[in-house]
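Observations on chain architecture
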Amino acid sequence: MNCPYCGYYDSKVIDSRDVNEGIRRRRQCLSCDARFTTYERLQPASLFVIKKDQRREEFNRNKLLTGIRKACEKRPLPTGSVDKLADDIEAELYHLGKAEIPSTVIGDMVMERLKNLDYIAYIRFASVYREFTDITALKQEVDTLVTSQAETTRSTSQLPLLPNEELKALAKSLRKRKSKGLRLINNAKTRSHR
Ligand SMILES: [Zn+2]
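Below is a summary of the structure that appears in this document. (Residues numbered from 1 in each chain as written. Predicted model: local features only at pLDDT ≥ 70, side-chain atom pairs only at ≥ 80, totals over all residues. Heavy atoms only, no water.)

A rise of 1.5 Å per residue sets the reference length of helix α1 (residues 61-72), with its 12 residues, at 16 Å; its end C-alpha atoms lie 16 Å apart and thus fit the reference within 8%. When we look at burial in α1, the residues that qualify are Leu 64, Leu 65, Ile 68, Ala 71 and Cys 72. Viewed along the axis of α1, the buried residues span an arc of 125°, placing them on a single side of the element. Away from its buried face by more than 90 degrees, α1 exposes Asn 62 and Lys 70. Residues of α1 that are buried in the fold lie against α2 (81-96), α3 (103-117) and α4 (119-129). Taking the backbone nitrogen of Asn 62 as reference, a side-chain oxygen 2.8 Å away marks Asn 60 as the first, capping residue of α1. (Helix = DSSP H or I, 4+ residues; strand = E, 2+ residues; numbered from the N terminus. Expected span 1.5 Å × (residues − 1). Buried < 20%, exposed > 50% of the residue type's maximum accessible area, 1.4 Å probe, protein only. Arc of directions from axis to C-beta. Contact = heavy atoms within 4.5 Å. Polar contact = N/O pair within 3.5 Å; in protein donor to acceptor, adjacent residues only side chain to side chain.)

Now the structure itself:
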């Protein structure tokens with residue numbers, strides 16, 4: 001590391017300490033005596049995602065974040081919860097220590113977490129990710145949620161994340177219409193926002 005002031009190639013370390021998963025070093029240039037700081041961090045090995053068509057693509061945190069954000073758009077979620085969700089997934093992926101991970105594994109991780117965060121976001125994500133071309137499959141998913149939410153409400157004193165009415169309305173509109181799954185999801189979005 002050359003001195004940022006005079007460009008001299010050598011410096012001495014005058015202080016060194018651990019900071020979140022890295023080391024911070026205070027250095028002093030051996031030529032001009034200027035002080036500067038360097039950080040040393042472990043570079044995570046690159047991680048590749050195996051897509052459904054078997055193509056490989058380098059893991060992209062922004063892409064993951066965009067997908068989750070879209071699903072959570074205009075939902076009443078605590079600030080930072082979407083970023084935290086993406087952070088958790090990224091950390092878990094690197095923790096697996098694999099060079100390649102199927103996109104389905106990542107999708108399932110998102111689904112699992114969204115289910116605990118917000119049902120509407122979960123359904124939205126699922127409708128894109130699982131490509132619910134079949135409205136029956138989407139309806140089934142919503143029905144499962146209605147049932148499990150009813151159970152959760154009964155078994156704990158905790159308030160449900162969403163009013164049951166909202167999910168029931170979604171399930172009802174799914175029964176009425178036999179197609180246009182995504183439009184229903186958008187309707188649910190509009191309704192929940194009013
Ligand atoms: Zn210098």
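Now that the structure is up, let's keep going.
This part is about the nonpolar core. Ranked by internal contacts, the top residues of the largest apolar core, which has 32 residues, are Leu 64, Ile 68, Ile 89, Leu 93, Ile 106 and Leu 114. The set of elements that each furnish at least two residues to this core consists of α1, α2, α3, α4 and α5 (135-155). In terms of residue count, the dominant contributor to this core is α4 (seven residues). If we skip the residues at most four places from it in the chain, Ile 89 touches Leu 64, Ile 68, Ile 106, Met 109, Val 110 and Arg 113. (Core = buried A, V, L, I, M, F, W, Y, C linked by side-chain atoms within 4.5 Å.)

Two numbers describe how α1 lies on α4: the axes approach to 8 Å, and their chain directions differ by 125°. Between α1 and α4, the crossing angle belongs to the class labelled oblique. Note on packing geometry: the crossing formed by α1 with α4 is right-handed. When α1 is examined against α4, the residues Gly 67, Lys 70, Ala 71 and Cys 72 are found in contact with a partner set consisting of Ala 121, Arg 124 and Phe 125. (Axes fitted to C-alpha atoms, helices over the stretch in contact; angles between N-to-C directions. Parallel < 35°, antiparallel > 145°, perpendicular 65-115°, else oblique. Left-handed = near helix turned anticlockwise from the far one by under 90°.)

Proximity of charged atoms lets side chains of opposite charge pair with each other. Following the criterion strictly, the structure yields 12 salt bridges and no others. Across the pair Lys 51 and Glu 57 runs a salt bridge, and its minimum N-O distance is 3.6 Å. Among the residues examined, Lys 51 registers a relative accessible area of 21% and is labelled partly exposed. Judged by its relative accessible area of 27%, Glu 57 falls in the partly exposed class. In this structure, the salt-bridge partner of Glu 57 is Lys 63, at a minimum N-O distance of 2.8 Å. Taking relative accessible area as the criterion, Lys 63 reaches 46% and is therefore assigned partly exposed. The network of salt bridges with common partners includes Lys 51, Glu 57 and Lys 63. (Salt bridge = Lys/Arg side-chain N within 4 Å of Asp/Glu carboxyl O.)

Further remarks concern the sheet that holds strand β2 (residues 22-29). With antiparallel pairing, the three strands of this open sheet are ordered in space as β1-β2-β3. Bordering the open sheet on either side are β1 (11-19) and β3 (35-41), each of which pairs with just one other strand. When strand polarity is set aside, the average angle formed by the axes of neighbouring strands in this sheet is 25°. Where β2 meets β3, seven bridges bridge the pair, whose relative direction is antiparallel. (Pairing = 2+ DSSP bridges.)

What follows is about the sheet that holds strand β6 (residues 100-102). An order of β5-β4-β6 is seen for the three strands of this open sheet, with the pairing classed as mixed. Edge positions in the open sheet fall to β5 (56-58) and β6, since each of these has one partner strand only. The sheet shows a mean angle of 35° between the axes of neighbouring strands, taken without regard to direction. With three bridges connecting them, strand β4 (residues 48-50) and β6 associate as parallel partners. Bridge pairing in β6 links Val 49 to Ile 101.

The backbone of Asp 33 shows a phi angle near 70°, a positive value even though the residue is not glycine. Mapped onto the fold, Asp 33 is located in the loop between β2 and β3.

Worth remembering: the numbers are spatial, not functional.
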